[in-house]
Amino acid sequence: QVQLVESGGGLVQTGDSLSLSCVASGRTFSNYAMGWFRQAPGKEREFVGVISQNGYLTTYRDPGKGRFTISRDNTKNTVYLRMNSLKPEDTAVYYCAASSKLLPQSATQYDYWGQGTQVTVSS
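Asker: Where do I start with the environment of Trp113 in this structure?
Answerer: Along the chain, the position of Trp113 falls in strand 10 (residues 112-113). The spatial distance from the C-alpha of Trp113 to the C-alpha of Arg27 is 14 Å, given a sequence separation of 86 residues. Residues within four places of Trp113 in sequence aside, it is in contact with Leu4, Phe37, Arg45, Tyr95, Cys96, Ala97 and Ala107.

Asker: Got a minute to help me understand the state of the cysteines in this structure?
Answerer: Disulfides are covalent bonds that connect the sulfur atoms of two cysteines. This model, assessed by the stated rule, comprises one disulfide. With its sulfur 1.9 Å from that of its partner, Cys22 forms a disulfide with Cys96. Disulfide Cys22-Cys96: torsion about the S-S bond near 50 degrees, hence right-handed. Linking Cys22 in strand 3 (residues 18-26) with Cys96 in strand 9 (residues 92-99), this pair joins segments that are 74 residues apart in sequence.

Parameters and conventions
- Residues numbered from 1 in each chain as written.
- Predicted model: local features only at pLDDT ≥ 70, side-chain atom pairs only at ≥ 80, totals over all residues.
- Heavy atoms only, no water.
- Helix = DSSP H or I, 4+ residues; strand = E, 2+ residues; numbered from the N terminus.
- Contact = heavy atoms within 4.5 Å.
- Disulfide = S-S within 2.5 Å.

Written out as structure tokens, the structure reads:
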């Protein structure tokens, strides 16, 4: 089992930046690709981006590409999501997830999920 705990969400204004963290415990963190997803009210959960097990590769969904950056520190069992130039449409609950696959983009390919952290961007 892998336990994931996100933090760093909050209320920000349009154009602000925010960094989310996700701390993992349990099995070996470096064995897992770490993804970020988000879910807005009334919408399906959507892929934000993913970082490979060693941190060398990342893939992002288009709306966040160029504004969002995922990084990880395997010594701290932590993955980060840095979000710049936030927009109201970025408002959602953000989830981190762990997968044993390489750069998975589908939620069904993830084995473990955090509880989520709310990000609200005011206009």
